[in-house]
Amino acid sequence: MEVPLEVEKVMTLHPVPTYCAWRLGGEKLINVDANFSKLYSAEDAISAVDYYTQDALSFLRTLPVTDTWMTGIDPEVVLELEPDLILTLTQDSNADKLQEETGIPVFCIVKAPVTEQADSYRLVGELLGNEALGNEMADFVQGILDRMDAEVSQMEESDQVRVMFCGKSENLYGVPGADSIYATTLEAAGGIN
């Protein structure tokens, strides 16, 4: 499927692509996903985020809140919003189906492993016509990963720390999988998952 030469409207299906699209496309973003809204942009958001200006929050709060790929996205909602393209995550097992049902190009970006995120910033920057900032974001993240890798490669095995990451959702505790952002970040930092 061909990408429009100029993307004017982008829809997102997860907080990571939502943030990327807002940061790299500004007002090209035409929705916020329900998780992003709950965490960051809703009036009663549960995360205090200092990197959103009041102007940014005001803009984000005007956008329709849609489902995420994890809860399922109705193709009719997508068609009503008329995006030029859709951004989701590589874990989205319904990305191809959504593209087939709507005829709208769907691009998947990486959340995990953390060591592969830089290319996603470059891709979104290119898609949304903001290559310079996309490359700047990618270079920043890659620089951190490179410095971290240099430190970790010098670590003795005896200096590595065993860590168990445990998260809580409502009254349910769980351990994220080995391919999750949590586990890959921990391992990239020299921890033993």
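Residues numbered from 1 in each chain as written. Predicted model: local features only at pLDDT ≥ 70, side-chain atom pairs only at ≥ 80, totals over all residues. Heavy atoms only, no water.

Asks: For the packing of aromatic side chains, give the residues involved together with the corresponding values.
Replies: Throughout the structure, instances matching the rule amount to two aromatic pairs. Consider the rings of Y19 and W22, whose centres lie 5.7 Å apart with planes at 55°: the pair is tilted. Within this pair, Y19 and its partner W22 are both found in helix α1 (residues 15-25), separated by three residues, close to a single helical turn. Judged by relative accessible area, Y19 falls into the partly exposed class, the value being 24%. (Phe/Tyr/Trp six-rings, centres within 6.5 Å; stacked < 30°, edge-to-face > 60°. Helix = DSSP H or I, 4+ residues; strand = E, 2+ residues; numbered from the N terminus. Buried < 20%, exposed > 50% of the residue type's maximum accessible area, 1.4 Å probe, protein only.)

Asks: Go over a negative patch on the surface, please, and point to the residues and values.
Replies: On the surface, a cluster of negative charge is contributed by D67, D74, E76 and E80. Within the secondary structure layout, D67 lies in the loop between β3 (65-66) and α4 (75-81). With relative accessibility at 40%, the residue D67 sits in the partly exposed group. (Patch = residues over 30% accessible without salt bridge, like charges linked within 9 Å, V, L, I, M, F, W, Y side chains within 5 Å. Areas by Shrake-Rupley, 256 points an atom, 1.4 Å probe, with all protein chains shown as cover. Salt bridge = Lys/Arg side-chain N within 4 Å of Asp/Glu carboxyl O. Lys, Arg positive; Asp, Glu negative; His and termini not counted. Charge placed at Lys NZ, Arg CZ, Asp CG, Glu CD.)

Asks: Quick rundown of the pattern of salt bridges? Include the residues and the values.
Replies: Going through the model one piece at a time under the given rule, you end up with four salt bridges. Here E43 and R61 are joined by a salt bridge, their closest N and O atoms 3.6 Å apart. Separated by 18 residues along the polypeptide, E43 in the loop between α2 (34-41) and α3 (54-62) and R61 in helix α3 bring together distant segments of the chain. Between E101 and K97 there is a salt bridge, with its nearest N and O atoms 3.9 Å apart.

Asks: Which residues make up the layout of surface pockets, and what values do they have?
Replies: Approximately 850 Å³ is the volume attributed to the largest pocket. Those elements giving two or more residues to the lining of the largest pocket turn out to be α1, α2 and α8 (181-188). Partitioned by chemical class, the residues of the lining of the largest pocket number 17 nonpolar, five polar and two charged. (1 Å grid on protein atoms, 1.4 Å probe; cavity = no way out; pocket = protein on both sides within 12 Å on 5 of 7 lines; lining within 4 Å. Points joined across faces, edges and corners; volume = space filled by probe spheres on them. Nonpolar A, V, L, I, M, F, W, Y, C, P; charged D, E, K, R; others polar.)

Asks: A description of the environment of Q54 should follow, citing residues and the corresponding values.
Replies: When you line up the elements, Q54 lands in helix α3. Sequence separation between Q54 and E76 is 22 residues; the distance between their C-alpha atoms is 32 Å.

Asks: An account of the nonpolar core is needed here, citing residue identities and associated values.
Replies: L60, I86 and L87 are the most contacted members of the largest nonpolar core, which has 45 residues in total. Considering each element in turn, this core owes the most residues, five residues, to helix α7 (residues 131-153). For L87, the residues in contact, after removing those within four places along its chain, are V10, M11, T12, L13, P17, A21, F107, I109, V124 and L127. (Core = buried A, V, L, I, M, F, W, Y, C linked by side-chain atoms within 4.5 Å. Contact = heavy atoms within 4.5 Å.)

Asks: Explain α8 to me, using residue names and the numbers behind them.
Replies: Of all the positions in α8, only I181, A183, T184, L186 and A188 are classed as buried. One or two residues past the end of α8 sits G190, with phi positive at roughly 95°.

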